[in-house]
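Each chain is listed here by its residues.
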Amino acid sequence: MNRVYNFLLLITLPIICFAQPATAQLPEGTKGASTNINANDCPCVFPNRSILFKVSAPDAGKVQIDLGKLYDMQKNDKGIWMVTTDPQDPGFHYYSLVIDGVKVADPASESFFGMGRMASGIDIPEAGVDFYDRKNVPQGELRSRSYFSKTLGVWRNINIYTPPGYDKNTKKSYPVLYIQHGGGEDERGWAIQGKTNIILDNLIADGKAVPMIVVIPDGNIQKPGMRAGGYNDEAMDAFKEEYFENVIPFVESNYRVKAGAASRAIAGLSMGGGQAFYTGLRNTDKFAYVGVFSTGLFGGIARPDASHFDPEAVIPGILTNPQSFNKKLNVFFITVGEQDPRIEYTKNLIETFKSKGLSVAFASYPGGHEWQVWRKSLHDYAQRIFK
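Keep in mind the model is a prediction, meaning the values are calculated, not measured.

1. Observations concerning the sheet that holds strand β13 (residues 154-162)
Argument step 1. Spatial ordering of the open sheet is given by β12-β13-β15-β14-β16-β17-β18-β19, a layout of eight strands whose pairing is mixed. Both outer strands of the open sheet, β12 (141-149) and β19 (361-365), are each paired with one neighbouring strand and no more. Taken pair by pair, the neighbouring strands of this sheet meet at an average axis angle of 20°, ignoring direction.
Argument step 2. Alignment of strand β14 (residues 176-180) against strand β15 (residues 213-217), held across three bridges, turns out to be parallel. In the strand pairing of β15, Leu 177 is matched with Val 214.
Argument step 3. Across the sheet, helix α3 (residues 196-205) touches β12, β13 and β15, and the angle it forms with β13 is around 25°.

Here's what the structure looks like:
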């Protein structure tokens, strides 16, 4: 019983900085991460983007940090475990404490829904990049709403960004971007980790993006009795039904939006990129703008069928009648991280599309399969649509 009690204490004890006075200094040369509960505490980021973690767990037998790579921490004579990681790529990264083999959230960091659970996150700044930093510009509003899904028979959460001035000029209508999260995430992803509202506020203030409404639904769709997942037709049909029977009607009945394909865009990252590919390209009468970010649909992930992706089979006419798509799509935009294993498969498909005469724009950004790439993807895509 004592062992269980002590273990429960271990996994809830804060980082050592919490035990120090408020005037305690960070280790020389470091800065507290912006995702910390207390910005003056650790995790601490060095100029080379390596991270110092400190954890108070005097009774633990082994403590690690799982930051995509496992780092073993060393305990000092005061029971403080410490480790300095390798330099990290800029951007947002999920991580966990691993205490005696159990993965838990770090109480010193904010927690985020990712990897299918609440997890700690750390945001590493990128030099010279400030498009997702709050600035002294007019701000829109990120609204948390809920709607009843007739498809699923449950209430579902949805986040909706309205641009600056939405509530003042009640006669103005706006185009709409529908944007999807990745696997293991939900409607909180683009709203929190993705910093969608801040990116749009800054772009609109600079005159680089058209004022728009951004809809961030939960893309995890499982109808009662449904066992399908991934990108098969049953899963994509359920996603389409949720969108066309529930999400879009809710938005268009509650917000001042412009109707018609020319005023609708769809985009998504990873799993959501595949959903946007299917739903957008199969329904060009509904969406004139399609953005696909870092999808594994084309290959580069551990799926036996991914390396044999046949776009013509899932989107009839895309290779044999590309001019039909060119006439209906104002923007077809694909992105991927330069260190993402999906990149070569994505580039190969882009070449195939272009060789057949399909109009497609492509961009890649430094980074792997992570939020910094997707923030840049949104930043780029938002400047291309509704113009």
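From this point, the discussion proceeds with the structure in view.
2. Re the sheet that holds strand β7 (residues 80-84)
Argument step 1. Ordered in space as β1-β2-β3-β7-β6, the five strands form an open sheet in which the pairing is antiparallel. Edge positions in the open sheet fall to β1 (31-32) and β6 (74-75), since each of these has one partner strand only.
Argument step 2. As defined by bridge partners, strand β2 (residues 44-45) adjoins strand β3 (residues 51-56) across two bridges and the pair is classed as antiparallel. Residue pairing for β3: Val 45 is matched across the bridge by Ile 51.

3. Focus on the state of the cysteines
Argument step 1. Enumeration according to the criterion identifies one disulfide in this entry.
Argument step 2. The disulfide bridge from Cys 42 ends at Cys 44, spanning 1.9 Å between sulfur atoms. When the S-S torsion is -85°, as for the bridge of Cys 42 with Cys 44, the disulfide is left-handed. Here Cys 42 and Cys 44 have matching classes, each one buried.

4. Here's the deal with the nonpolar core
Argument step 1. In this structure, Tyr 178, Ile 213, Val 215, Tyr 243, Phe 277, Phe 332 and Phe 353 are the most contacted members of the largest nonpolar core, which totals 48 residues.
Argument step 2. Only β13, β14, β15, α4 (233-254), α5 (271-281), β17 (289-293), β18 (331-337) and α8 (343-355) provide two or more residues apiece to this core.
Argument step 3. Of the residues forming this core, the biggest block, 10 residues, is contributed by α4.
Argument step 4. Excluding its chain neighbours within four sequence positions, the residues that come into contact with Val 215 are Ile 158, Asn 159, Ile 160, Val 176, Leu 177, Tyr 178, Ile 179, Val 247 and Val 251.

5. Notes on the packing of aromatic side chains
Argument step 1. Within the structure shown, the criterion is met by 24 aromatic pairs.
Argument step 2. Taken together, a centroid distance of 5.9 Å and an interplanar angle of 55° make the contact between Phe 332 and Phe 353 tilted. Within this pair, whereas Phe 332 is found in strand β18, its partner Phe 353 is found in helix α8, the two being separated by 21 residues in sequence. Each member of the pair, Phe 332 as well as Phe 353, carries the same accessibility label: buried.

6. Overview of the confidence of the model for the protein chain
Argument step 1. Here the protein chain averages 90 in pLDDT, while 91% of its residues score no lower than 70.
Argument step 2. Note on residues 1-24: pLDDT is under 50 here. Beyond four places in sequence and across chains, it has 32 contacts.

7. Notes on α5
Owing to its 3.6 residues per turn, the α-helix brings residues three or four apart onto one side.
Argument step 1. α5 sits mainly inside the fold: 10 of its 11 residues count as buried.
Argument step 2. All of the buried residues along α5 are Gly 272, Gly 273, Gly 274, Gln 275, Ala 276, Phe 277, Tyr 278, Thr 279, Gly 280 and Leu 281.

Rules used in this analysis
Starting afresh in each chain, residues are numbered from 1 along the sequence in its written order. Side-chain atom pairs in this predicted model are given and counted only at pLDDT of 80 or more, local residue features only at pLDDT of at least 70, and totals for whole chains, interfaces and linings cover all residues. Calculated side-chain values reflect all of the structure's heavy atoms, with hydrogen atoms and water omitted. Here, any two strands with at least 2 DSSP bridges between them count as paired. Comment: elements are numbered from the N terminus, with helices defined as DSSP H or I runs of at least four residues and strands as E runs of at least two. To define axes, lines are fitted to C-alpha atoms, for helices over the stretch in contact only, and angles between the resulting N-to-C directions are given on a 0 to 180 degree scale. We call two residues in contact whenever any of their non-hydrogen atoms come within 4.5 Å of each other. The criterion for a disulfide is a pair of cysteine sulfur atoms lying within 2.5 Å. Burial here depends on accessible area, computed with a 1.4 Å probe over protein chains only, as a share of the maximum for the residue type. Under 20% is buried, over 50% is exposed, and the range in between is partly exposed. We define a nonpolar core as any set of buried Ala, Val, Leu, Ile, Met, Phe, Trp, Tyr and Cys residues linked to one another through side-chain atoms lying within 4.5 Å. Each Phe, Tyr or Trp ring (for Trp, its six-membered ring) is paired with any other whose centre lies within 6.5 Å, and the angle between the two planes then decides the class: stacked below 30 degrees, edge-to-face above 60, tilted in between. pLDDT is a per-residue confidence score from the predictor, ranging from 0 to 100.

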